[in-house]
Amino acid sequence: MRMRHRNRLNLIGPLLLFALSATASFGALAKAPAAAAAPPPVPLLWKVSDQDNAVYLLGSFHLLKTTDYPLAEEVEAAFEDAASLVFEVEPSELTSPATMAKFQSAAGYENGKSLSTVLPEDVKARLAALLSASGSSIEQMETTEPWAISLGMVMGMAQSAGFRPEQGLDNHFIRRAAEAGKPVAGLETIDTQVAAMDGTPHSEQVYSLNKLLESPQEAVRELLDLHQAWRSGDVERLDGKMRKEMQTHTPVSYRMINLDRNNAWLPQIEKRLSAPGNDNTLIVVGSLHLIGEDGVVEKLRARGYRVERICSACAEG
């Protein structure tokens, strides 16, 4: 187990402050005129079948808006057909007090490092300027790793654009499963998820943070564009803007956050398919994990399962 700095600041306060600072900085750009009611999002939904039962794979956007509901009829039908639901992490873990403690521990440094020893001077100056503009300082982030700062920044951007975690597709179906009395499970533990983020190289963490800091306005536009691609069910666009860019610019992070976890999930999904009986399962995970050549969909197709895109508004894929 890593030895962390004992005297570091509580992580919740700085990250929350940073998210609020980002909200103030990016709010003007994110505001847009109210739009007319839109049709339901085109679902990223696949049905994977063997001889007797099936698994539905639904690609999530983790923060959404109230205007992203209601969902497409195909998604509602998959939920009704499923005897149980599976998420990245078992829902009770997400609300456990221990989860925040694990997050705090993972976001700290080891071996005497600090933010000042990890960030190049130009990146540190950009971060300091952004925080100073909102009345805070980089000293409050000194014991926080770049990946956690980036997460706080993205959360701030998303909040400023009107996205809310409670509206995310995962949370929507966690509530729906509880209301319907359907069993839920997770594909991994929170420890696995946090370790994947924490284990990425500092060089790649710094690259991602610097990209956000160099052009915050462009980062907001990219977030909105990704959301629109998700709403449109545009697999190719998502694959190019999300998966391939990550694979190209931060390859180790891509392997740890996407590929390794996809591979670890496959046996659990196959276990659901090979279970006796005909109970079907709805699995809701981040869209990144389903798309592209390294995605769960193609990996299951390569293993000989029958795979079909369930989408009346789009071509078979």
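The rules behind these values
- Residues numbered from 1 in each chain as written.
- Predicted model: local features only at pLDDT ≥ 70, side-chain atom pairs only at ≥ 80, totals over all residues.
- Heavy atoms only, no water.
- Helix = DSSP H or I, 4+ residues; strand = E, 2+ residues; numbered from the N terminus.
- Areas by Shrake-Rupley, 256 points an atom, 1.4 Å probe, with all protein chains shown as cover.
- 1 Å grid on protein atoms, 1.4 Å probe; cavity = no way out; pocket = protein on both sides within 12 Å on 5 of 7 lines; lining within 4 Å.
- Points joined across faces, edges and corners; volume = space filled by probe spheres on them.
- Nonpolar A, V, L, I, M, F, W, Y, C, P; charged D, E, K, R; others polar.
- Phe/Tyr/Trp six-rings, centres within 6.5 Å; stacked < 30°, edge-to-face > 60°.
- Buried < 20%, exposed > 50% of the residue type's maximum accessible area, 1.4 Å probe, protein only.
- Expected span 1.5 Å × (residues − 1).
- Bend = angle between axes of the 7 residues up to and from the residue.
- Pairing = 2+ DSSP bridges.
- Axes fitted to C-alpha atoms, helices over the stretch in contact; angles between N-to-C directions.
- Contact = heavy atoms within 4.5 Å.
- Core = buried A, V, L, I, M, F, W, Y, C linked by side-chain atoms within 4.5 Å.
- Parallel < 35°, antiparallel > 145°, perpendicular 65-115°, else oblique.
- Left-handed = near helix turned anticlockwise from the far one by under 90°.

Enquirer: Quick question: what am I supposed to make of the overall build of the protein here?
Expert: Of the regular secondary structure elements, the protein holds 14 helices and six strands. Summing over all exposed atoms, the protein offers an accessible surface of approximately 14,700 Å²; the carbon and sulfur share of this is 56%.

Enquirer: How should empty space enclosed by the protein be read in this particular structure?
Expert: To locate leftover empty space, one rolls a probe as large as a water molecule over the atoms. Following the criterion strictly, the structure yields one cavity of 30 Å³ or more and no others. Approximately 70 Å³ is the volume found for the largest cavity. If you trace the largest cavity, you find it lined by Pro41, Val42, Pro43, Leu44, Leu58, Gly59, Leu71, Ala72, Val75, Leu169 and Trp230. Among the residues making up the lining of the largest cavity, the classes are represented as 10 nonpolar, one polar and no charged.

Enquirer: Just checking my understanding: could you explain the packing of aromatic side chains for this structure?
Expert: Two aromatic rings are characterised by how far apart their centres lie and by the angle between their planes. Counting across every chain of the model gives four aromatic pairs. Look at Phe61 and Phe163: their rings are 6.1 Å apart centre to centre, the planes differ by 40 degrees, and that puts the pair in the tilted class. Residue Phe61 is found in the loop between strand E2 (54-60) and helix H2 (73-81), and its partner Phe163 is found in the loop between helix H7 (146-160) and helix H8 (169-180); the two are separated by 102 residues along the sequence. The interplanar angle of 45 degrees and the centroid separation of 5.9 Å between the aromatic rings of Phe61 and Trp230 together place this pair among those described as tilted. Note that Phe61 is positioned in the loop between E2 and H2 and Trp230 in helix H11 (residues 216-231), a separation of 169 residues in sequence. One exposure class covers both Phe61 and Trp230, and it is buried. Connected via pairs of aromatic rings, a cluster forms that spans Phe61, Phe163 and Trp230.

Enquirer: How should I be thinking about helix H13 (residues 251-274) in this particular structure?
Expert: Since there are 3.6 residues in each turn of an α-helix, residues three or four apart along the chain are aligned in direction. Taking 1.5 Å as the rise per residue, H13 with 24 residues should run 34 Å; its terminal C-alpha atoms sit 33 Å apart, in good agreement. If you look at H13, its biggest bend is around 30 degrees, right at Leu259. Of all the positions in H13, only Ser253, Tyr254, Met256, Asn258, Arg261, Asn262, Trp265, Leu266, Ile269, Glu270 and Leu273 are classed as buried.

Enquirer: Hey, could you run me through the sheet that holds strand E1 (residues 45-49) in this one?
Expert: Picture the strands of a sheet paired through backbone hydrogen bonds; they go either parallel or antiparallel. Read from one edge to the other, the open sheet built from six strands follows the order E4-E3-E5-E2-E1-E6, with strand pairing classed as mixed. Each edge of the open sheet is held by one strand with a lone partner, namely strand E4 (184-188) and strand E6 (306-309). Direction aside, the axes of adjacent strands within the sheet are offset by 25 degrees on average. Where H2 meets the sheet, it contacts E1, E2, strand E3 (82-89) and strand E5 (280-286), and its direction lies at approximately 105 degrees from that of E3.

Enquirer: Can you help me understand the nonpolar core in this one?
Expert: Considering soluble globular proteins, one finds that nonpolar side chains tend to be buried as a cluster. Ranked by internal contacts, the top residues of the largest apolar core, which has 70 residues, are Leu57, Phe173, Ile269 and Leu282. When residues of this core are assigned to their parent elements, the largest contribution, six residues, is made by H11. If sequence neighbours within four positions are ignored, Ile269 has contacts with Val55, Leu57, Leu187, Ile283, Val296 and Leu300. Judged by nonpolar contacts, the second largest core, of eight residues, contains Val89, Trp147, Ala148 and Ile190.

Enquirer: Help me understand the side chain of Ser253 in this model?
Expert: When you line up the elements, Ser253 lands in helix H13. Since its relative accessible area comes to 7%, Ser253 is described here as buried. Not counting chain neighbours up to four residues away, the residues in contact with Ser253 comprise Thr200, Pro201, Glu204, Met246 and Asn258.

Enquirer: In this structure, what is going on with unusual backbone geometry? I would like to understand it.
Expert: Glycine aside, negative phi is the norm for most residues, and most peptide bonds take the trans geometry. Along the chain, Tyr69 connects to Pro70 via a cis peptide bond; the corresponding omega equals 5 degrees. Mapped onto the elements, Pro70 comes out in the loop between E2 and H2. In the Ramachandran plot, Asn111 falls in the positive-phi region, its phi being about 55 degrees despite a non-glycine side chain. Structurally, the position occupied by Asn111 is in the loop between helix H4 (97-106) and helix H5 (115-118).

Enquirer: Is there a simple way to explain the packing of helix H6 (residues 121-133) against helix H10 (residues 202-214) in this structure?
Expert: Each pair of packed helices gets described by two things: the angle between the helix axes and the distance between those axes. Where H6 meets H10, the axes come as close as 10 Å, and the angle between the chain directions of the two elements is 50 degrees. Considered as vectors, H6 and H10 are oriented oblique to each other. Where H6 crosses over H10, the handedness of that crossing is left-handed. For the pair H6 and H10, the contacting residues are Val123, Arg126, Leu127 and Leu130 in the first and Val206, Asn210, Leu213 and Glu214 in the second. Within the contact of H6 with H10, the residues separate by chemical class into five nonpolar, one polar and two charged.

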